[in-house]
Amino acid sequence: MKRPLEMAHEFLAEVVTKEDIVVDATMGNGHDTLFLAKLAKQVYAFDIQKQALDKTQDRLNEAGLENVQLILQGHETLDQFVTEAKAGIFNLGYLPSADKSVITRPQTTIEALEKLCHLLVKGGRIAIMIYYGHEGGDIEKDAVLDFVSQLNQQEYTVVIYRILNQVNNPPFVVMIEKLERYRHG
């Protein structure tokens, strides 16, 4: 059985090609950025912590990948850099091995999700890893679940992949797909 992050990666890998632009909304230590850079034409990766950019840049340099733009800004600014995307990933919570008081916040996360959903091409996908065992994590988890539950079913399919018999708030993934057959107005 796959862990939630493995499921998230597989979900995105099914649709991302070397022709695509993708977003890592929460670069963190750069694992998702590196994963996406191997698949896509261009990755836009966001984080508000310089430490995240430095770690991610080191990881990309090691792999010899240059198709990534690292952006030291909140993910809610993604529409200033991206006009359309095939996929996106969020890892909500805090940067491991950094200041645990710096966390993703419901307001900016929902704003980023709204924008990315709008910029997503038909057939595009978003994976949201939800870590909520920290202070404030439950509020963000509830806000994200509320937001995705209200996405138009004619335009999006939303699925949760979650381990149920594990203690200590196990992370889970919310997967969104923008439907191919949706027609505007």
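Residues numbered from 1 in each chain as written. Predicted model: local features only at pLDDT ≥ 70, side-chain atom pairs only at ≥ 80, totals over all residues. Heavy atoms only, no water.

J.: Hey, could you run me through the sheet that holds strand β7 (residues 172–178) in this one?
T.: Two pairing modes exist for strands in a sheet, parallel and antiparallel, and in both the strands are linked by backbone hydrogen bonds. Strand order in this open sheet of seven strands is β3-β2-β1-β4-β5-β7-β6, and the pairing throughout is mixed. Sheet topology places β3 (68–71) and β6 (156–161) at the edges, where each strand pairs with a single neighbour. The average angle at which neighbouring strand axes cross in this sheet is 15°, direction not considered. Where strand β4 (residues 85–92) and strand β5 (residues 120–130) come together, seven bridges link them in parallel fashion. Each bridged residue has a counterpart across the sheet, and for A87 the counterpart in β5 is R125. Contacting β4, β5, β6 and β7, helix α1 (residues 4–13) crosses the sheet at an angle of about 170° to β5. On top of the sheet, helix α4 (residues 106–119) reaches β1 (21–24), β4, β5, β6 and β7; it is set at about 155° to β5, its chief contact. (Pairing = 2+ DSSP bridges. Helix = DSSP H or I, 4+ residues; strand = E, 2+ residues; numbered from the N terminus. Axes fitted to C-alpha atoms, helices over the stretch in contact; angles between N-to-C directions. Contact = heavy atoms within 4.5 Å.)

J.: Can you walk me through the packing of α4 against helix α5 (residues 137–149) in this structure?
T.: When two helices pack together, their arrangement is given by the angle between the helix axes and the distance between those axes. Between α4 and α5, whose axes approach to 9 Å, the crossing angle comes to 25°. Looking at the two axes, α4 sits roughly parallel to α5. At the point where α4 passes α5, the crossing takes the right-handed sense. Contacts between α4 and α5 involve P106, T109, I110, L113, E114 and C117 on the former and, on the latter, I139, E140, A143, V144 and F147. Along the lines of polarity and charge, the residues of the contact of α4 with α5 split into eight nonpolar, one polar and two charged. (Parallel < 35°, antiparallel > 145°, perpendicular 65-115°, else oblique. Left-handed = near helix turned anticlockwise from the far one by under 90°. Nonpolar A, V, L, I, M, F, W, Y, C, P; charged D, E, K, R; others polar.)

J.: What am I meant to see in the packing of aromatic side chains here?
T.: Under the counting rule described, the total for this entry stands at two aromatic pairs. Seen from their ring centres, F46 and F81 are 5.7 Å apart, and the 70° between their planes marks the pair as edge-to-face. Taken together, the residues span a long stretch of sequence, with F46 in strand β2 (residues 42–46) and F81 in the loop between β3 and β4 at a distance of 35 residues. Residue class for F46 comes out buried when judged on its relative accessible area of 0%. For F81, a relative accessible area of 26% translates into the label partly exposed. Look at Y132 and F172: their rings are 5.8 Å apart centre to centre, the planes differ by 70°, and that puts the pair in the edge-to-face class. Taken together, the residues span a long stretch of sequence, with Y132 in the loop between β5 and α5 and F172 in strand β7 at a distance of 40 residues. (Phe/Tyr/Trp six-rings, centres within 6.5 Å; stacked < 30°, edge-to-face > 60°. Buried < 20%, exposed > 50% of the residue type's maximum accessible area, 1.4 Å probe, protein only.)

J.: What should I look at first to understand the nonpolar core in this one?
T.: It is characteristic of soluble globular proteins that their nonpolar side chains tend to be buried jointly. Formed by 30 residues in total, the largest nonpolar core has its most connected members in F90, L113, I126, I128 and I176. Counting only elements with at least two residues in this core, the list comes to β2, β4, α4, β5, α5 and β7. The element best represented in this core is α4, accounting for six residues. Core analysis: the second largest hydrophobic core is formed by 29 residues, A45, L60, L65 and I89 among them. (Core = buried A, V, L, I, M, F, W, Y, C linked by side-chain atoms within 4.5 Å.)

J.: I keep staring at the pairing of β1 and nothing clicks. Help me out?
T.: Moving residue by residue along a regular strand, the side chains alternate between the two faces of the sheet. Two elements, β1 and β2, share four bridges in a ladder whose sense is parallel. Note on β2: the bridge partner recorded for I21 is Q42. The parallel pair β1 and β2, bridged by helix α2 (residues 31–39), forms a crossover whose chirality is right-handed. By the bridge criterion, three bridges tie β1 to β4 in an arrangement that is parallel. (Right-handed = clockwise from strand over helix to strand, strands pointing away.)

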